[in-house]
Amino acid sequence: MTNESYTFQTRLLHNSHKIDPETGAVSVPVQHASTYHQFDVDRFGKYDYSRSLNPTREALEDVIAELEGGTKGFAFSSGMAAISTAFLLLSAGDHVVITEDVYGGTFRMVTEVLSRLGIDHTFVDMTDLDEVRQAIRPNTKAFYVETPSNPLLKVTDIRAVSEIAKEIGALTFVDNTFLTPALQKPLELGADIVLHSATKFISGHSDVIAGLAVVKDQALAEKLGFLQNSFGAVLGVQDAWLVLRGLKTLHVRLAQSQQSALQIAHYLEQHPLVRKVHYPALAGHPQHDLQKAQAKGPGAVLSFELEDEEVLRSFVAHVEIPVFAVSLGAVESILSYPAKMSHAAMAPEERKKRGISDSLLRFSVGLENAADLIADFEQAFSYVRAGETAK
Ligand SMILES: *Cc1c(COP(=O)(O)O)cnc(C)c1O
């Protein structure tokens, strides 16, 4: 039996870096060295300088490549470093078609940095393939997908967008942060580059900032490796080790959080103070079937629209269990306010255009008991109701 025949759950633990070949250690050693002695003036060893290659970072890069079904993985100092380095594959004069409700930091990179470097973009509703096609220009070189999207959980057909990209010889980038390879494998659906904020579910404990990229194509792997080394935004070894440790429990964390997310989505759906719940597992979600077909599950992030901003403020003030914070994908539940947090980089009119209202909350479900979370929401809502009757 080879590693490849194991299920994903088993491969998280039994992969090419299961044990250290030198010592038998069951945890990847942290190699702090920045440089490596060369024993021969003509023939240098595999490692020469840790920006280019470091054994601890390499272990993480190998493992994520295996898990995503790619040939080569790259670890960066943050999700944005991974995304920005991937964008460096483009040149001045190129054009990107990008999903409109993209992560706020990616929005900022594309609109304020790439545009200054002469790389143009068009935002589209990626769930509408006609709109995707209409955005194509003679200089379109990449399609940037985030699915499910942030914060509205819209689902893009990765296979269909990848096919459109291939027709014109462009690349497809997929930000797989929300689902991870435990639930969705973009390379198998035709994407060229998978990107991650490993800060989120992959590491999972709100204790490290990290980014990952994985590719399948050998030539593309060489180009991205060259850019990783040239730009130099590599992940430090201690952080690489933390990500490797977090990865081991990815399956069990996501399975548990996803199960709770469904219960919470159903609870919110029937609540009179909640206008709308965005979660791909709900039968009313517009891309419910597509999500079922291209991913193994809906993930553990949902968002919900409250009656108005006043209700939101009261709810946030009274809810006790979740941390109220930026970020997602952790062992503790995280409640965020996209308008003031992840999407603050977006002008109010841009947010409005995308349907990100001032009464929308995003909820990343952690490992607390779902009944405790629901009871907490219920008591927070009760204050809103009490406030209403006092009026
Ligand atoms: C957080 C996040 C990023 C950015 O990652 P950092 O690790 O914070 O740099 C990119 N995409 C998505 C979907 C994210 O949630």
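Residues numbered from 1 in each chain as written. Predicted model: local features only at pLDDT ≥ 70, side-chain atom pairs only at ≥ 80, totals over all residues. Heavy atoms only, no water.

**Observations concerning the overall build of the chain**
For step 1, the next point in the chain: Counting its secondary structure elements, the chain contains 14 helices and 12 strands.
For step 2, the next point in the chain: For a compact globule of 391 residues, the expected C-alpha radius of gyration is about 21 Å, and the chain comes in at 22 Å, within 12% of that figure.
For step 3, the next point in the chain: With respect to the principal axes defined by its C-alpha atoms, the chain has extents near 85 × 50 × 35 Å.
For step 4, the next point in the chain: When each of the 391 residues of the chain is scored for burial, the buried share is 54%. (Helix = DSSP H or I, 4+ residues; strand = E, 2+ residues; numbered from the N terminus. Rg over C-alpha atoms; globule rule 2.2 N^0.38 Å. Buried < 20%, exposed > 50% of the residue type's maximum accessible area, 1.4 Å probe, protein only.)

**What to know about the site of the ligand**
For step 1, the next point in the chain: Around the ligand sit 14 residues in total, of which Met80, Asp175, Ser197, Thr199 and Lys200 are the nearest.
For step 2, the next point in the chain: In this structure, a nitrogen atom belonging to the ligand sits 2.7 Å away from a side-chain N or O atom of Asp175.
For step 3, the next point in the chain: Thr199 places a side-chain nitrogen or oxygen 2.7 Å from an oxygen atom of the ligand.
For step 4, the next point in the chain: In isolation the ligand offers 380 Å² of accessible surface; the protein chains occlude 92% of this area.
For step 5, the next point in the chain: It is helix H3 (residues 79–87) that provides the largest number of residues to the shell around the ligand, a total of 3 residues.
For step 6, the next point in the chain: Classifying every residue of the shell around the ligand gives 6 nonpolar, 5 polar and 3 charged. (Near = heavy atom within 4 Å. Polar contact = N/O pair within 3.5 Å; in protein donor to acceptor, adjacent residues only side chain to side chain. Areas by Shrake-Rupley, 256 points an atom, 1.4 Å probe, with all protein chains shown as cover. Nonpolar A, V, L, I, M, F, W, Y, C, P; charged D, E, K, R; others polar.)

**Points about the sheet that holds strand S4 (residues 140–146)**
Whenever strands of a sheet pair, they do so through backbone hydrogen bonds, lying parallel or antiparallel.
For step 1, the next point in the chain: The 7 strands are arranged S1-S7-S6-S5-S4-S2-S3 in an open sheet whose pairing can be described as mixed. Looking at the sheet topology across the chains shown, the edges are occupied by strand S1 (72–76) and strand S3 (120–124). On average, each strand axis in the sheet is tilted by 20° relative to the strand beside it, whichever way the strands run.
For step 2, the next point in the chain: In the sheet, strand S2 (residues 95–99) pairs with S4 via 4 bridges, with the strands oriented parallel. The residue bridging Val96 from the neighbouring strand is Ala142, located in S4.
For step 3, the next point in the chain: Lying on the sheet, helix H4 (residues 104–114) is in contact with S2, S3 and S4; it crosses S3 at an angle near 140°.
For step 4, the next point in the chain: Running over the sheet, helix H8 (residues 218–231) touches S1, strand S5 (171–175), strand S6 (193–197) and strand S7 (211–215) and is turned about 20° from S1. (Pairing = 2+ DSSP bridges. Axes fitted to C-alpha atoms, helices over the stretch in contact; angles between N-to-C directions. Contact = heavy atoms within 4.5 Å.)

**Things to note about the environment of Arg108**
For step 1, the next point in the chain: Mapped onto the secondary structure, Arg108 falls in helix H4.
For step 2, the next point in the chain: The sequence separation of Arg108 and His343 amounts to 235 residues, and the corresponding C-alpha distance is 9.6 Å.

**A short note on the sheet that holds strand S9 (residues 301–306)**
For step 1, the next point in the chain: On the basis of which strands lie adjacent, the open sheet formed by 5 strands has the order S8-S9-S12-S11-S10 and mixed pairing. Every other strand in the sheet has two partners, leaving strand S8 (274–278) and strand S10 (323–324) as the edge strands with one partner each.
For step 2, the next point in the chain: Pairing of S9 with strand S12 (residues 360–364) involves 5 bridges; the strand directions are antiparallel. When the sheet's bridge partners are listed, Val301 is paired in S12 with Ser364.
For step 3, the next point in the chain: Contacts from helix H10 (residues 250–269) reach S8, S9 and S12 within the one sheet, and its direction differs from that of S9 by about 10°.

**Details of the domain arrangement of the chain**
A common way to express how large an interface is: the accessible area buried when the components associate.
For step 1, the next point in the chain: According to the domain assignment, the chain contains domain 1 (3–247) and domain 2 (251–390).
For step 2, the next point in the chain: Using only C-alpha atoms to locate each centre, domain 1 and domain 2 end up separated by 27 Å.
For step 3, the next point in the chain: Listed as interface residues are 39 residues of domain 1 and, on the opposing side, 39 residues of domain 2.
For step 4, the next point in the chain: A buried area of about 3,200 Å², summed over both sides, lies between domain 1 and domain 2, and 62% of it is on carbon and sulfur atoms.
For step 5, the next point in the chain: It is Leu152, Leu183 and Phe201 that lose the most area in domain 1 upon contact with domain 2, and together they represent 22% of the buried surface on that side.
For step 6, the next point in the chain: In this structure, the connection of domain 1 to domain 2 is made through 0 salt bridges.
For step 7, the next point in the chain: Linking domain 1 to domain 2 there are 17 residue pairs in polar contact (both at pLDDT 80 or more). (Domains from an automatic or database assignment. Buried area = accessible area lost by both parts, 1.4 Å probe. Salt bridge = Lys/Arg side-chain N within 4 Å of Asp/Glu carboxyl O.)

**Details of the packing of H3 against H4**
The packing of two helices is summarised by the inter-axis angle and the distance between the axes.
For step 1, the next point in the chain: Two elements in contact, H3 and H4, have axes whose closest approach is 10 Å; the angle formed by their N-to-C orientations is 40°. Regarding the angle of H3 to H4, the classification is oblique. Viewed along their axes, H3 and H4 form a crossing whose handedness is right-handed. Contacts between H3 and H4 involve Met80, Ile83, Ser84 and Phe87 on the former and, on the latter, Gly105, Thr106, Met109, Val110 and Leu114.
For step 2, the next point in the chain: Across the contact of H3 with H4, the residue classes break down as 6 nonpolar, 3 polar and no charged. (Parallel < 35°, antiparallel > 145°, perpendicular 65-115°, else oblique. Left-handed = near helix turned anticlockwise from the far one by under 90°.)

**Examining unusual backbone geometry**
Glycine aside, a negative phi is what most residues show, and trans is what most peptide bonds show.
For step 1, the next point in the chain: For the bond running from Thr147 to Pro148, omega is -5°, close enough to zero to count as cis.
For step 2, the next point in the chain: Tracing the chain through its elements places Pro148 in the loop between S4 and helix H6 (158–167).
For step 3, the next point in the chain: Cis geometry marks the peptide bond from Asn150 to Pro151; its omega dihedral reads 5°.
For step 4, the next point in the chain: Of note, Pro151 is situated in the loop between S4 and H6.
For step 5, the next point in the chain: Its identity is not glycine, yet Thr180 carries a phi of approximately 65°, on the positive side.
For step 6, the next point in the chain: Mapped onto the secondary structure, Thr180 falls in helix H7 (residues 180–183).
For step 7, the next point in the chain: Taking the relative accessible area as the measure of exposure, Thr180 reaches 0% and is therefore buried.
For step 8, the next point in the chain: Phi at Ser206 takes a positive value of approximately 50°, unusual for a residue other than glycine.

**Remarks on the environment of Lys223**
For step 1, the next point in the chain: The topology assignment puts Lys223 in helix H8.
For step 2, the next point in the chain: When the C-alpha positions of Lys223 and Leu88 are compared, they lie 9.8 Å apart, and in sequence the two are 135 residues distant.

**A word on the side chain of Asn176**
For step 1, the next point in the chain: Structurally, Asn176 is set in the loop between S5 and H7.
For step 2, the next point in the chain: For Asn176, a relative accessible area of 0% translates into the label buried.
For step 3, the next point in the chain: Apart from the residues lying within four places of it in its own chain, the contact partners of Asn176 are Glu68, Pro181, Gln184, Pro186, Val194, Leu195 and His196.

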